[in-house]
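Descriptive structure summary
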Amino acid sequence: MPAPENRFKTRLAKGEMLYGCWAGFADPYATEVLATANFDWLVIDGEHAPNDLRSTMAQLQVLEGRHSAPVVRLAHGADWAIKQVLDIGAQTLLIPMVESAEQARELVRATRYPPQGIRGSGAALARASHFSAIPDYIGTANDQICLLVQVETRAGLAALDDILKVDGVDGVFIGPSDLAADMGFAGDSSAPEVQDAIQDALVRIKTAGKAPGILALDPATARTYRDWGAQFLAVGIDVVMLAQSARDTMARWRDD
Ligand SMILES: O=C(O)C(=O)C[C@H](O)[C@@H](O)CO
């Protein structure tokens, strides 16, 4: 019995268009509600949402067997953090602020058991191995890892061609907000210079045979990014959806 199939990785490799959403409440109940929308993937965000290992695991549990595949974003690509989140059952990781091929290679090694990598062997007590119910977990887990790196600075764009050559990187996510800020357009990813950089990056990622990813809350922008080659495309943030809907509702009655 091998490690569970990573459906997200399988669909990504087939070239399927995958629509996602950020899960930012850091709560399994909210993520379970979000999963009823049947997004293809949901980002359990450990960078900008108040997630910890327990809240991340609880969201992995509620997503088990659901259509929405979990993508776990870490605050930083530290090998110990990767080890812990893989052991609780994550199979697809999104790592921010990747700026070199060497950094990408280190991330690949951190996600793989030896000899391909340095992932520590704690499968005996790990949720990922179904608590040892998967006897061949260590021998089969590497193949089910999907590593998505975020390129979101000028340095990352300059290293993008080399990052794309790294085996084990399955996709590259362009972070529009951070890229805009690094380019001197903080808060404005619609600036022509940023848009040109995004288009160039998405085309390069696709041409290199990797999966291009990005986030856009505005449907017209999301369609543009899809036209430019985005394959895993996040089109919503749950926190934003609730906040905006609540404000609109009160505004409607305030002036009624
Ligand atoms: O730089 C970006 O944009 C991203 O990486 C996505 C954001 O972090 C996401 O939280 C939406 O703001």
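Source: prediction; values computed, not measured. (Residues numbered from 1 in each chain as written. Predicted model: local features only at pLDDT ≥ 70, side-chain atom pairs only at ≥ 80, totals over all residues. Heavy atoms only, no water.)

1. Here we look at the overall build of the protein
- Within the protein, the secondary structure is distributed over 12 helices and eight strands.
- In summary, the protein has a C-alpha radius of gyration of 18 Å against a globular reference of 18 Å for 256 residues, a match within 12%.
- Across its three principal directions, the C-alpha atoms of the protein cover 60 × 45 × 30 Å.
- For the protein, the proportion of its 256 residues judged to be buried stands at 49%.
- Of the contacts made within the protein by residues no fewer than 6 positions apart, 64% connect residues no fewer than 24 positions apart. (Helix = DSSP H or I, 4+ residues; strand = E, 2+ residues; numbered from the N terminus. Rg over C-alpha atoms; globule rule 2.2 N^0.38 Å. Buried < 20%, exposed > 50% of the residue type's maximum accessible area, 1.4 Å probe, protein only. Contact = heavy atoms within 4.5 Å.)

2. Points about the pattern of salt bridges
- Tallied over the entire structure, the rule returns 12 salt bridges.
- The partner of Asp 161 in a salt bridge is Arg 204, with the nearest N and O atoms 3.1 Å apart. Of this pair, Asp 161 sits in helix 8 (residues 160-163) while Arg 204 is found in helix 10 (residues 192-207), placing the two residues 43 residues apart along the sequence.
- Residue classification places Arg 204 among the partly exposed positions, given a relative accessible area of 22%.
- Residue Lys 165 is joined to Asp 162 by a salt bridge in which the shortest nitrogen-to-oxygen separation is 3.7 Å.
- Note on Asp 162: relative accessible area 44%, which makes it partly exposed.
- Linked by salt bridges that have partners in common, Arg 11, Glu 16 and Asp 40 make up one network. (Salt bridge = Lys/Arg side-chain N within 4 Å of Asp/Glu carboxyl O.)

3. Here's the deal with the confidence of the model for the protein
- Here the protein shows a mean pLDDT of 97. Residues at 70 or above account for 100%.
- Here the predicted complex carries an ipTM of 0.95, next to a pTM of 0.97. (pLDDT = per-residue confidence, 0-100.)

4. Quick look at the sheet that holds strand 1 (residues 18-23)
- One closed barrel accounts for eight strands, arranged 1-2-3-4-5-6-7-8; its pairing is parallel. Averaged over all pairs of adjacent strands, the angle between their axes in this sheet comes to 25 degrees, without regard to strand direction.
- Strand direction decides the pairing type here: strand 2 (residues 41-45) and strand 3 (residues 69-73), joined by five bridges, are parallel. Within strand 3, the position partnered with Ile 44 by the bridge is Val 72.
- Set on the sheet, helix 2 (residues 28-35) makes contact with strand 1 and strand 2; between it and strand 1 the angle comes to about 155 degrees. (Pairing = 2+ DSSP bridges. Axes fitted to C-alpha atoms, helices over the stretch in contact; angles between N-to-C directions.)

5. Re the site of the ligand
- What surrounds the ligand is the set Trp 22, His 48, Arg 73, Gln 150, Glu 152, Gly 175, Pro 176, Ser 177, Asp 178, Leu 215 and Ile 237.
- Side-chain polar atom of Glu 152 to an oxygen atom of the ligand: 3.2 Å apart, as the coordinates give it.
- Take Asp 178: an N or O atom from its main chain is 2.9 Å from an oxygen atom of the ligand.
- Contact with the protein chains removes 86% of the 320 Å² of surface that the ligand exposes when unbound.
- Taking a 2 Å distance to the grid points as the criterion, the majority of the atoms of the ligand fall inside the second largest pocket. (Near = heavy atom within 4 Å. Polar contact = N/O pair within 3.5 Å; in protein donor to acceptor, adjacent residues only side chain to side chain. Areas by Shrake-Rupley, 256 points an atom, 1.4 Å probe, with all protein chains shown as cover. 1 Å grid on protein atoms, 1.4 Å probe; cavity = no way out; pocket = protein on both sides within 12 Å on 5 of 7 lines; lining within 4 Å. Sits in = over half its atoms within 2 Å of the grid points.)

6. Quick look at the UniProt feature "domain: HpcH/HpaI aldolase/citrate lyase" (unreviewed entry) in the protein
- Following the UniProt record, one finds the feature "domain: HpcH/HpaI aldolase/citrate lyase" (unreviewed entry) at residues 19-242.
- End C-alpha to end C-alpha, residues 19-242 measures 19 Å, and it is 40% helix and 18% strand. (UniProt positions renumbered as here; feature names shortened; annotations may be inferred.)

7. Some points on the nonpolar core
- Ranked by internal contacts, the top residues of the largest apolar core, which has 57 residues, are Val 172, Ile 174, Ile 198 and Tyr 225.
- In terms of residue count, helix 10 provides more of this core than any other element does, six residues in total.
- Dropping the residues within four chain positions of it, Val 172 is found in contact with Val 149, Val 151, Leu 160, Leu 164, Ile 205, Ala 211, Pro 212, Gly 213 and Phe 232. (Core = buried A, V, L, I, M, F, W, Y, C linked by side-chain atoms within 4.5 Å.)

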